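Chain and residue survey
Chain residues, written in single-letter form:
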Amino acid sequence: MLWHIPLRNLFRNRRRTLLGLAIIALGTAMIYAMLGYVDFTLYNIRQGTVRQFGNFQIASPLLWNEKTEKFAYLIQPETLKKVTDILDKQEGVTDYTQQLTFSGLATTGTKTKVLRSTALVPANKALDYNDIVLTDYKEHPEWNGKGLDPTDTGKVLIGRTLAKELQLKTGDFFTVTMTTVDGAYNVGTLQVKGVFSLNNEIAEGQLVFLPLEYGKLLMNTEGVAKLIIKVDTLDHSERIATEVQEKMRAAGLELEVRTWEQLAEFYRQIKGFFNALFGFLMISVSALVFFIVMQVLTLAFLERTREVGTIRAIGTRQSQVFSMFFAESVMLGVLGSLAGIVLGWALAQGFNSLGIGWTPPGAIAPVPVRLSTTLGNAWMPFVVTAIATILSSLYPVSHSARLTIVDALRTS
Amino acid sequence: MILQTQQLSKMYQVGQEKIPALRGVDFQANAGDFIVINGPSGSGKSTFLNLIACIDRPTTGEVFIEGQATSKLTESQLAELRKRKIGLVFQSFNLIPVLSAYENVEYPLLLLGVSASERKQKVMGLLEEVGLKDLIKRRPDELSGGQRQRVAIARALVTDPKIVLADEPTANLDSETGKQVMVIMRRLNEDHKVAFLVVTHDPVVTQYAERTVKIRDGQLTEETNHVVAHTAS
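Residues numbered from 1 in each chain as written. Chains lettered and ligands numbered in written order. Predicted model: local features only at pLDDT ≥ 70, side-chain atom pairs only at ≥ 80, totals over all residues. Heavy atoms only, no water.

Here the focus is the overall build of chain B. Looking only at helices and strands, chain B features six helices and ten strands. The globule rule puts the C-alpha radius of gyration for 233 residues at 17 Å, and the 17 Å found for chain B is close to it. Summarising its shape, the C-alpha atoms of chain B cover approximately 50 × 40 × 35 Å along the three principal directions. Every one of the 233 residues in chain B was classed for burial, and the buried ones make up 54%. Of the contacts made within chain B by residues no fewer than 6 positions apart, 68% connect residues no fewer than 24 positions apart. (Helix = DSSP H or I, 4+ residues; strand = E, 2+ residues; numbered from the N terminus. Rg over C-alpha atoms; globule rule 2.2 N^0.38 Å. Buried < 20%, exposed > 50% of the residue type's maximum accessible area, 1.4 Å probe, protein only. Contact = heavy atoms within 4.5 Å.)

If you want it as structure tokens, here you go:
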């Protein structure tokens, strides 16, 4: 292979080569930046989702299938003990907690609101809501408070929207009314210990967190709705969940595992949307690179028609001509794609330094918009645009290699 | 015998019409010959050269290179034959622009897979013979027309071909440079004992020929033997 010839030909017409490189680099940088945005956004949603759901949850199939009549789905203490024994021995499980959820009505005397109550072990490490409690909120200092601790009984954490609508502040009391597992009405008094922020207006208007034992008391049950499990690494969620499921089945427990990804329909929808959008943009950019580079290469090879005739006449085989021109295209593709990764990285750094944020629908405060710049994100844009360039060269390269010598030599 | 043609014909299809460019040409060339093929524009001399250079295929007839019939050879066999047995010199020099004088001459040896040391020895030897020893690093656009044609002659000879075919080698040169090029070709013909076949319509070139063949209307019409007057500048 005569490598020095394609390499020199690559820089023979510098302006045209730079145009080709610029197109490939821009395409690569665009794909890299888009991928960075998708990656960062999905990472944030994933982290938020895992914080909300744990890595996986265990509950009765009745609950998962929304057959919630008469609270038959509740996991009773005897079963709970068997499950926690399995979890205690399971490698990779770092923490777990229990949760009981119920609906009710909150009344302050003048106003009433529907609640979705989550009763959980205070300050547990698997699903700790204490870190979203406002402690230094300048706009409403009366909302600043503390998280729940294991000694709390009739204390509750409420969302900002609920606090606003019921005109509650830290230390205030309100009444909650609900139906117990036996179907009887029950009324309890709750004291606001803190106000939390989830950056989601609907959630902040309905959710409340209270201690598990107090929730059981209000519901008149010893059972819990589900167990929420945290594992050492997000990537291990699926594997550990499967192992736990198998062990529960072996122990004769009729409980089912759901991973965070199965539970988070929102995440799946967002991921599907981003994948489709990214795929569409990637195909569009690749097609653009393909056609422009094909034009550039066609012109570059066309002006060398007589040269092809000459080298063929002095004994260069068609396959050797093909190799030389193809090598030139590969070099162009690889150099352009590499330049694109560097360009994309630099642009992403610049963009990130601007600190831009936006407020999604339903959110109260803006969320940061960033472009992930990991090396792991580089290979796909690199490969995609390099392949687009190489494919775009196939027609002009094979056309050049198949030229008739006499006709090629006649070209002026 | 290095080269022989038998009833060589070439027809070109122009629309519905078939135009004969060459009509049943019989021709022979031996080792060490210096032959000039002369004829007006459109007489068929370039067609004849293309056919014996094996870069075009005849409509009928046969070209033999060292007794080997070429009409049935595949493209890659023809490429192999051209690489080893035929040297080509073009009117417009046709050097590879991105390569230096040295690399242009070296190129055919790379195709043959010749070792680096042998390549260097052959290339330097030939560039010295054509008087370009000091310009080996120059690219074609840094050389004069005469210098470029001398590089092309060195390239044609570097593989020790059996025959060198030159198509109007002086057409793009001034008369003095053209004479210098012809003198070099003539000298190399004698030194290397390689046959030269020069196609031209320049009457000056014929002064260097041992044999002059005239082509008119696609046929060999006349053959004259010359006593060569110029072998040195």
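With that settled, the discussion passes to helix 5 (residues 145-157) of chain B. Residue and element names in this part refer to chain B. For helix 5, built from 13 residues, the straight-helix expectation of 18 Å at 1.5 Å per residue is met to within 8% by its first-to-last C-alpha distance of 19 Å. The buried count for helix 5 comes to eleven of 13 residues, which makes it a mostly enclosed element. By the burial criterion, the buried members of helix 5 are Gly-146, Gln-147, Gln-149, Arg-150, Val-151, Ala-152, Ile-153, Ala-154, Arg-155, Ala-156 and Leu-157. (Expected span 1.5 Å × (residues − 1).)

Attention now goes to the packing of helix 3 (residues 101-112) of chain B against helix 5 of chain B. Residues and elements named next belong to chain B. At a minimum axis separation of 7 Å, helix 3 and helix 5 run at an interaxial angle of 25°. Looking at the two axes, helix 3 sits roughly parallel to helix 5. Handedness of the crossing formed by helix 3 with helix 5: right-handed. Contact residues: helix 3 offers Ala-101, Asn-104, Val-105 and Pro-108, while helix 5 offers Val-151, Ala-154 and Arg-155. Here the contact of helix 3 with helix 5 is composed, by residue class, of five nonpolar, one polar and one charged. (Axes fitted to C-alpha atoms, helices over the stretch in contact; angles between N-to-C directions. Parallel < 35°, antiparallel > 145°, perpendicular 65-115°, else oblique. Left-handed = near helix turned anticlockwise from the far one by under 90°. Nonpolar A, V, L, I, M, F, W, Y, C, P; charged D, E, K, R; others polar.)

Once that is clear, we can look at the pattern of salt bridges. Applying the stated criterion across every chain yields a total of 31 salt bridges over all chains. Close ionic contact of Arg-211 of chain B with Asp-33 of chain B constitutes a salt bridge, the shortest N to O distance being 3.3 Å. Here Arg-211 of chain B is found in strand 9 (residues 211-216), whereas its partner Asp-33 of chain B is found in the loop between strand 2 (17-29) and strand 3 (34-38), with 178 residues between them in sequence. Just as Arg-211 of chain B is buried, Asp-33 of chain B falls in that class too. In the salt-bridge network here, residues are joined through shared partners; they are Asp-149, Asp-152, Lys-155 and Lys-193 of chain A. (Salt bridge = Lys/Arg side-chain N within 4 Å of Asp/Glu carboxyl O.)

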